[in-house]
Amino acid sequence: MKENKLEKIINLAERRGFVFKSYEVYGGLRGFYDFGHLGVILKNNIKNLWLKDILSMQNIYLIETPIIGPRILYEASGHIENFYDRLVECKSCHNRFREDHLLKGEYGEIKIKDNKALCPLCGGELTEARNFNLMFKTFVGPVEELSTESYLRPETAQGIFINFKNILNSMRAKLPFGIAQIGKSFRNEITPKNFIFRIREFEQMEIEFFVRPEEADKYFEFWVEKRFNWYINFLGIKKENLIKHIQTEEELAHYAKAAVDVYYKFPFGEDEIEGIANRTDYDLKRHMEYSKEDLTYFDEKTKNKIIPYVIEPSAGVERIFFAILCDSYDEDEMPNEKGKLEKRIVLRFKPWLAPIQVAIFPLLSNRENLVKKAKEVYELLKNDFRVYYDESGSIGRRYRRQDEIGTPYCITIDFQTLEDNTVTVRDRDTGNQERINLEEINDYLKDKFKL
Ligand SMILES: [Zn+2]
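On a predicted model such as this, the values are computed, not experimentally measured, just so you know.

### Considerations on the sheet that holds strand β13 (residues 201-211)
Read across the sheet, 7 strands follow the order β3-β12-β13-β19-β16-β15-β14 without closing on themselves; strand pairing throughout is mixed. Edge positions in the sheet fall to β3 (60-62) and β14 (242-246), since each has one partner strand and no second. Taken over all neighbouring pairs, the strand axes of this sheet differ in orientation by 25 degrees on average, direction set aside. Alignment of strand β16 (residues 269-280) against strand β19 (residues 309-316), held across 6 bridges, turns out to be antiparallel. Bridged to E274 within β19 is A315. Docked against the sheet, helix α2 (residues 37-55) engages β3, β12 (177-186) and β13, running at close to 5 degrees with respect to β13. The strands that helix α10 (residues 317-328) touches are β13, β15 (258-266), β16 and β19; relative to β15, the one it contacts most, it runs at about 35 degrees.

### Side note on the nonpolar core
If you look at the biggest cluster of nonpolar residues, it comprises 60 residues, and the most contacted ones within it are F18, W230, Y231 and I320. Counting residues domain by domain, this core receives three or more from each of domain 1 (5-68 + 135-324) and domain 3 (336-448). Once residues within four sequence positions are removed from consideration, W230 is found in contact with I46, L49, W50, D53, M205, L235 and I320. By size, the runner-up hydrophobic cluster in this structure holds 21 residues, among which are V377, Y409, V425 and I436.

### What to know about the sheet that holds strand β23 (residues 387-389)
With mixed pairing, the 5 strands of this open sheet are ordered in space as β23-β22-β24-β25-β26. Both outer strands of the open sheet, β23 and β26 (433-437), are each paired with one neighbouring strand and no more. When the angles between neighbouring strand axes are averaged without regard to direction, this sheet yields 25 degrees. Inspection of the sheet shows strand β24 (residues 409-413) paired to strand β25 (residues 422-427) by 4 bridges, in the antiparallel sense. Bridge assignment links C410 to a residue of β25, and that residue is R426. Along the sheet, helix α11 (residues 368-381) makes contact with β22 (358-362), β23 and β24, crossing β22 at roughly 160 degrees. Running at roughly 170 degrees to β22, helix α12 (residues 395-404) makes contact with β22, β23, β24, β25 and β26 of the sheet.

### A few points about the side chain of K43
Tracing the backbone through its elements, the reader meets K43 in helix α2. Among the polar contacts listed, one links the side chain of K43 to the side chain of E318, at a separation of 3.0 Å.

### Focus on the coordination of the zinc ion
Ligation of the zinc ion by protein atoms is provided by C90 (SG), C93 (SG), C119 (SG) and C122 (SG), these donors lying 2.2 to 2.3 Å from the ion. Because the angles between the 4 donor atoms bound to the zinc ion fall within 100 to 119 degrees, the donor set is best described as tetrahedral. Every donor residue of the zinc ion comes from the same chain, spaced as C-x2-C-x25-C-x2-C. A residue pair is termed long-range when its members are at least 10 positions apart, and C90 in the loop between β5 (84-89) and β6 (96-98) and C119 in the loop between β8 (116-117) and β9 (130-133) qualify at 29 residues. Owing to a relative accessible area of 5%, C119 belongs among the buried residues under this scheme.

### Observations regarding the pairing of β25
The element β25 is largely enclosed, with a buried count of 6 among its 6 residues. Summarising the sheet, β25 and β26 pair through 5 bridges and their orientation is antiparallel. Pairing of V425 across the sheet is with E434, part of β26. Between β25 and β26, which pair antiparallel in sequence order, lie 5 residues; one of them, G431, sits at a positive phi of approximately 80 degrees.

### What to know about the packing of α2 against α10
Where α2 contacts α10, the axes come no closer than 10 Å and their chain directions differ by 110 degrees. Taken together, the axes of α2 and α10 lie roughly perpendicular to each other. For the pair formed by α2 and α10, the contact residues are G39, L42, K43, I46 and K47 on the first element and V317, E318, I320, F321 and I324 on the second. The residue inventory of the contact of α2 with α10, partitioned by class, reads 6 nonpolar, 1 polar and 3 charged.

### Things to note about helix α14 (residues 441-448)
Because each turn of an α-helix spans 3.6 residues, side chains separated by three or four positions end up pointing in the same direction. All of the buried residues along α14 are I441, N442, Y444 and L445. Projected onto a plane normal to the axis of α14, the buried residues spread over an arc of 165 degrees and lie on a single side. Structurally, α14 contributes buried residues whose contacts are with β22, α11, β24, β25 and β26.

### Structural notes on the pattern of salt bridges
A pair can form between side chains of opposite charge whenever their charged atoms are brought close. Going through the model one piece at a time under the given rule, you end up with 46 salt bridges. The partner of E24 in a salt bridge is K21, with the nearest N and O atoms 3.9 Å apart. A residue is classified by how much of its surface remains accessible, and K21, at 37% relative accessible area, is partly exposed. Note that K184 is salt-bridged to E201, the shortest N-O span being 2.7 Å. Taken together, the residues span a long stretch of sequence, with K184 in strand β12 and E201 in strand β13 at a distance of 17 residues. Via salt bridges that share partners, D330, D332, R344, R348, D403, R426, R428 and D429 belong to a single interconnected network.

About the cut-offs
Residues numbered from 1 in each chain as written. Predicted model: local features only at pLDDT ≥ 70, side-chain atom pairs only at ≥ 80, totals over all residues. Heavy atoms only, no water. Pairing = 2+ DSSP bridges. Helix = DSSP H or I, 4+ residues; strand = E, 2+ residues; numbered from the N terminus. Axes fitted to C-alpha atoms, helices over the stretch in contact; angles between N-to-C directions. Contact = heavy atoms within 4.5 Å. Core = buried A, V, L, I, M, F, W, Y, C linked by side-chain atoms within 4.5 Å. Buried < 20%, exposed > 50% of the residue type's maximum accessible area, 1.4 Å probe, protein only. Domains from an automatic or database assignment. Polar contact = N/O pair within 3.5 Å; in protein donor to acceptor, adjacent residues only side chain to side chain. Donors = N, O, S within 2.8 Å, 3.2 Å for Na, K, Ca; no water. Tetrahedral: all angles 85-135°; square planar, octahedral: opposite > 155°, others 65-115°. Parallel < 35°, antiparallel > 145°, perpendicular 65-115°, else oblique. Nonpolar A, V, L, I, M, F, W, Y, C, P; charged D, E, K, R; others polar. Arc of directions from axis to C-beta. Salt bridge = Lys/Arg side-chain N within 4 Å of Asp/Glu carboxyl O.

Keep in mind these numbers describe shape, not what the thing actually does.
Here it is in structure tokens:
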């Protein structure tokens, strides 16, 4: 199963409406993906669980800032100067490659001539490496000149830093406190790859947590632990599939003093789904310098003005989404209606995370009294759970369809229901069925969906 697990997951995600390739009718656009009905619900569930966790801390405040930002913002942040990949170009076929990926063999085996790597596609000579900035550039208004030059944000963080004073004052915040944002970011990746892992438009969940400089190390440790545990406790990702990766000096971004990444063991290899960085006072200092605004904090304890340090947990929604799909994907065998073992595909989402939580079936679609009762059950549950009504095909086929999209419980309304008001509740993972009275069904399910 391992070698083509990736393909199976991508296939399932497309077939069942989690993820589609963007602009496919026009031949597609590399590095962009659409999310279908179930995908959008799953994405929202991830974001809500993130919000649930951080908002319970009481000292994290939300913000939403524009995607487009002026050039000066990214001069201040250092992105204009530092946010690039080193690219080489083939002198014959003119394809461009990331130098670091080329040397790591990501484009396949490379041939060397006179100590220099050759084009992995045509064997031609390569140019010296040049910097290629990863930000998408645009212009605000009708005039295209330096003063209107703007960028799609490469991270949501900068909108947070420049709102430090607004939040501080309006929320009467005291250190330590955080500002959090969920939103789209854009990077003009040279080689988008691995499905939705490395894409050009993606969603981030970022917190900038402001602390006294002397407490930065302590809160760095705090956030590494807190965020690592979130994957296990809130998303149900298996601990053995997660790794804490301590970034080396070479890996550190231009603003960071220390960083630990949360890695997930994807079928294509282990890679980052979140980074926790100590950004020091780099960003606030730079924005003070470029904007001439005072972004200091008056510390009532010491009566001093200080520039706080920042601990940044920054997570990628699509990467987490992908990790959940990989972690939940399973194949096993289940007896069909005739008791014969059949292969099945199942997504073992945690019950609270599943896009659809309860599927409701009348045993037969041509019996009016069963259909009517099933629709009553749907009405009974629709406000408390994400429910789905389905009457087409055999019960066995309906079960399989729900297994594939990770629905944890299926309720069937049969002839006994009409006599004693009980229904069968079938468990996705075990296939076991229980008869539950409809008077108790709400509490029974609520208990199952508790985080
Ligand atoms: Zn070439």
